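The chain contents come next:
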Amino acid sequence: MTALDESPAEVPQESMAVTAAVGASVPVHQPKGSSKGHRLKNLIPPLVTFAIFIGVWYLYSWSRFDNPAQRRNALPYPHTVITDGFLPLWDESNGLRPILGYMWPTVKVTLIGLGISIVLGVAIAVVMNLSKGMERALFPYAVILQTVPILAITPLLTQLFGDEIGVRLVVVVLIAIFPVITNTLFGLQSTDRLHHDLFTLNHVSRWTRLRKLELPSALPAMMAGIRIASGGAVIGAIVADFFFNQGEKGIGYYIRNRQQRAANRPEMFAGTITASMFGVVMFLIVGAITARAIRNWHESASRQT
Amino acid sequence: MFTLVGWASTVATTNFTEDMMTDTEYASDLSGTATSPRLRFEHLSMVFPDGTHAIDDVSFSVDPGEFVTVVGPSGCGKSTLLRIASGLTQHTGGVCDVNRDSIGYVFQDATLLPWRTVQKNVELNAELHGMSKQDRQRLSAEAIELVNLVGHEDKFPKQLSGGMKMRCSLARSLVLNPEVFLFDEPFGALDEITRERLNDELINLFNSEKFAALFITHSIAEAVFLSTRVLVMSARPGRLIGDYQIPFGAERPHDIRFEPEFAEICGLINNDLKDAHT
Ligand SMILES: Nc1ncnc2c1ncn2[C@@H]1O[C@H](COP(=O)(O)OP(=O)(O)OP(=O)(O)O)[C@@H](O)[C@H]1O
Ligand SMILES: [Mg+2]
């Protein structure tokens, strides 16, 4: 494996690429269509887009490889990414298996970090919902949390949390917690006024009101927040891989490490694609959980069935 | 945060838990004897903090077995009257006398919790009062039968029609068998046919349960059809400007609406309302 000289200028681009891949993901709302024929028809437009994308990629790679002076920056051909990047599927040191091996720590950090973000974020939103004073006391810091550039504070984070799993989790939580807080708070505060009256008429405790009224009505908004957070968590985990070198090495390390030499680039692409797929899968899983949780009662759910 | 404590439950129609019954400071004069009113307003007035004078010197009472309807122009303070009766709003003058542990409140919207099934929605009030699961399931089943929703127990609100939602909302209030029923334009959003059918059903319910009802509507015909007494309120600040005893008996056949006497009373109320606007 080639040692890599640090080239920080490259890193934001890399993370941008990951962002774009996650953000672009798949259509959220499948258009209506119950029959199989309809579904196939719906698949055609995205497939055409994909074909065009691959075509442009080939064109670009081909033009660069033809020109020896440009070769250093060349993209490998899509098929090379498969043959040299993903294949063999099951070999100790080459292909997909090491990629998945590097994915595992990233997946772990993503899931644990997302879990912490959800629990903490909902708790903070609940506290902020208790009183206007609490909201005023906490909200500015939630905003600061969101606006502080993570990349700018990585040295500080290393100082505070070291550079193993702890600091990676911190990065994930810093990115993922804000959408959970704001969406949950919005959901809690959007609780129907008449529903509140109904509960008031029944002389309920604050806790009962929270449990049986506010949290259920906040659920759709909360799930929307978690969905946004899940994308952020993936990005956070990969960005953390770029910056923190100790502990279990994740897919970010794998990608960064194969960026420098042209011969390694198919592997780099394979890593990037796998990481992006993980983002998509996260997004879909959270979407499916959301749909299941609210399918019976929320308007948004009826659009998908 | 909420101001609704300190009212005693003196009539054993409901299965409230012990802690609901601990307070006995207020209601010694309300002890459910057949003659004393269930709900009494005396020189009631309401001025909101922003200066809006919503209700001015309103006095009337509702006895058990009485069905009083208030009609009046939009914004005259009818909903405010109900909110004061239920304790959701604190009045600023006069007296409001009611046993707040035994109030059924039917809102203009059905206000069903969308994440609960019909069965679970009907159980809600009982559940929040700490009634045992067994009791509330039994009482809910009865209430669901009363409002003709049998067979729909496991549906969610979004699967119900407007009329069914209202029935469900009605059933939810019926479970606790309240002494006083407050209705805030419950059928206002329904079509005429559904509305009349629910009116018929409500009359039946009223005749079998004998609660005291305070009903609000924009429909004069609905008011006359349902009520034993109709009150007309003026535009803001709301005062009582008309008071009609409705001379029909407890049984109200559907076609009572076409009798000359019915039309006559409607006409009188209509005239009052015209005055109310000017
Ligand atoms: N919380 C409040 N603060 C200030 N003004 C209020 C408040 N609630 C109601 N009002 C005012 O009091 C008046 C009476 O309101 P209310 O809702 O009782 O009218 P209403 O008779 O029920 O009207 P509608 O028939 O349209 O439902 C209105 O002018 C309204 O703007
Ligand atoms: Mg009103």
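Here we summarise the structure given alongside this text. (Residues numbered from 1 in each chain as written. Chains lettered and ligands numbered in written order. Predicted model: local features only at pLDDT ≥ 70, side-chain atom pairs only at ≥ 80, totals over all residues. Heavy atoms only, no water.)

### So, the interface of chain A and chain B
Facing 23 residues of chain A, the contacting portion of chain B comprises 26 residues. For the pairing of chain A and chain B, the buried interface totals around 2,300 Å² over both sides, and the portion due to carbon and sulfur atoms is 68%. When residues of chain A are sorted by the area they lose upon contact with chain B, Leu201, His203 and Trp297 of chain A head the list and together hold 27% of the total. Across the contact surface, chain A and chain B share two salt bridges. Across the salt bridge formed by glutamate 127 of chain B and lysine 212 of chain A, the nearest N and O atoms sit 2.6 Å from each other. Our enumeration of links across chain A and chain B arrives at seven residue pairs in polar contact (both at pLDDT 80 or more). Of all the secondary-structure elements, those providing two or more residues to the side of chain A that touches chain B are helix H8 (193-201), helix H9 (206-243) and helix H12 (299-302) of chain A. (Contact = heavy atoms within 4.5 Å. Buried area = accessible area lost by both parts, 1.4 Å probe. Salt bridge = Lys/Arg side-chain N within 4 Å of Asp/Glu carboxyl O. Polar contact = N/O pair within 3.5 Å; in protein donor to acceptor, adjacent residues only side chain to side chain. Helix = DSSP H or I, 4+ residues; strand = E, 2+ residues; numbered from the N terminus.)

### Points about the sheet that holds strand E7 (residues 212-216) of chain B
Residue and element names in this part refer to chain B. An order of E5-E6-E7-E3-E8-E9 is seen for the six strands of this open sheet, with the pairing classed as mixed. The open sheet has two edge strands, strand E5 (103-106) and strand E9 (240-245), and neither has a second partner. For this sheet the average axis-to-axis angle between neighbouring strands, irrespective of direction, equals 15°. Here strand E6 (residues 180-184) runs beside E7; their pairing, made up of five bridges, is parallel. Within the sheet, the bridge partner assigned to phenylalanine 183 lies in E7 and is phenylalanine 215. The strands that helix H4 (residues 162-174) touches are E5 and E6; relative to E5, the one it contacts most, it runs at about 170°. (Pairing = 2+ DSSP bridges. Axes fitted to C-alpha atoms, helices over the stretch in contact; angles between N-to-C directions.)

### Some thoughts on the side chain of threonine 117 of chain B
All names here are of chain B. Positionally, threonine 117 belongs in the loop between E5 and helix H2 (118-128). Residue classification places threonine 117 among the buried residues on the basis of a relative accessible area of 15%. Among all residues touching threonine 117, those that are not within four sequence positions of it are Glu153, Asp154, Lys155 and Phe156. (Buried < 20%, exposed > 50% of the residue type's maximum accessible area, 1.4 Å probe, protein only.)

### Notes on the sheet that holds strand E2 (residues 53-62) of chain B
Residues and elements named next belong to chain B. Spatially, three strands are ordered E2-E1-E4 in an open sheet, and the strand pairing comes out antiparallel. Whereas interior strands pair on both sides, the edge strands pair on one side only; in this sheet they are E2 and strand E4 (93-98). Each strand axis lies, on average, 20° off the axis of its neighbour in the sheet, ignoring direction. Where strand E1 (residues 39-47) meets E2, six bridges bridge the pair, whose relative direction is antiparallel. Residue methionine 46 lies in a different strand from E2, and its bridge partner there is isoleucine 55. Running over the sheet, helix H1 (residues 78-86) touches E1, E2 and E4 and is turned about 120° from E1.

### A few points about the pairing of E1 of chain B
Residues and elements named next belong to chain B. The antiparallel hairpin formed by E1 and E2 contains five residues in its connecting segment, where glycine 51 sits at a positive phi of about 95°. Relative to E4, E1 runs antiparallel, the two sharing five bridges. By the bridge assignment for E4, glutamate 42 is matched with valine 95.

### Some remarks on the nonpolar core
All names here are of chain B. Counting residues in hydrophobic clusters, the biggest one holds 51 residues, and the most contacted among them are Val122, Phe183, Val224 and Ile269. In terms of residue count, H4 provides more of this core than any other element does, six residues in total. Here this core gathers at least three residues from each of two domains, domain 1 (1-99 + 180-188 + 198-278) and domain 2 (110-178). Among residues more than four places away in sequence, those in contact with valine 122 are Ser140, Ala143, Ile144, Cys168, Ala171, Arg172 and Val175. (Core = buried A, V, L, I, M, F, W, Y, C linked by side-chain atoms within 4.5 Å. Domains from an automatic or database assignment.)

### Some thoughts on a negative patch on the surface
All names here are of chain B. Side chains of Asp255, Glu259, Glu261 and Glu264 sit close together on the surface and give a patch of like negative charge. Note on placement: glutamate 261 falls in helix H7 (residues 260-277). A residue is classified by how much of its surface remains accessible, and glutamate 261, at 39% relative accessible area, is partly exposed. (Patch = residues over 30% accessible without salt bridge, like charges linked within 9 Å, V, L, I, M, F, W, Y side chains within 5 Å. Areas by Shrake-Rupley, 256 points an atom, 1.4 Å probe, with all protein chains shown as cover. Lys, Arg positive; Asp, Glu negative; His and termini not counted. Charge placed at Lys NZ, Arg CZ, Asp CG, Glu CD.)

### Some thoughts on the packing of aromatic side chains
Two aromatic rings are characterised by how far apart their centres lie and by the angle between their planes. Under the defined criterion, the tally for this structure stands at 17 aromatic pairs over all chains. An angle of 70° between the planes, with centres 5.5 Å apart, marks the rings of tryptophan 297 of chain A and tryptophan 115 of chain B as edge-to-face. Residue tryptophan 297 of chain A is located in the loop between helix H11 (265-294) and H12, and its partner tryptophan 115 of chain B is located in the loop between E5 and H2; the two belong to separate chains. There is no split in this pair, since tryptophan 297 of chain A and tryptophan 115 of chain B are both buried. Seen from their ring centres, phenylalanine 41 of chain B and phenylalanine 60 of chain B are 5.2 Å apart, and the 65° between their planes marks the pair as edge-to-face. A residue pair is termed long-range when its members are at least 10 positions apart, and phenylalanine 41 of chain B in strand E1 and phenylalanine 60 of chain B in strand E2 qualify at 19 residues. (Phe/Tyr/Trp six-rings, centres within 6.5 Å; stacked < 30°, edge-to-face > 60°.)

Keep in mind that these numbers describe shape and distance, not what the molecule does.
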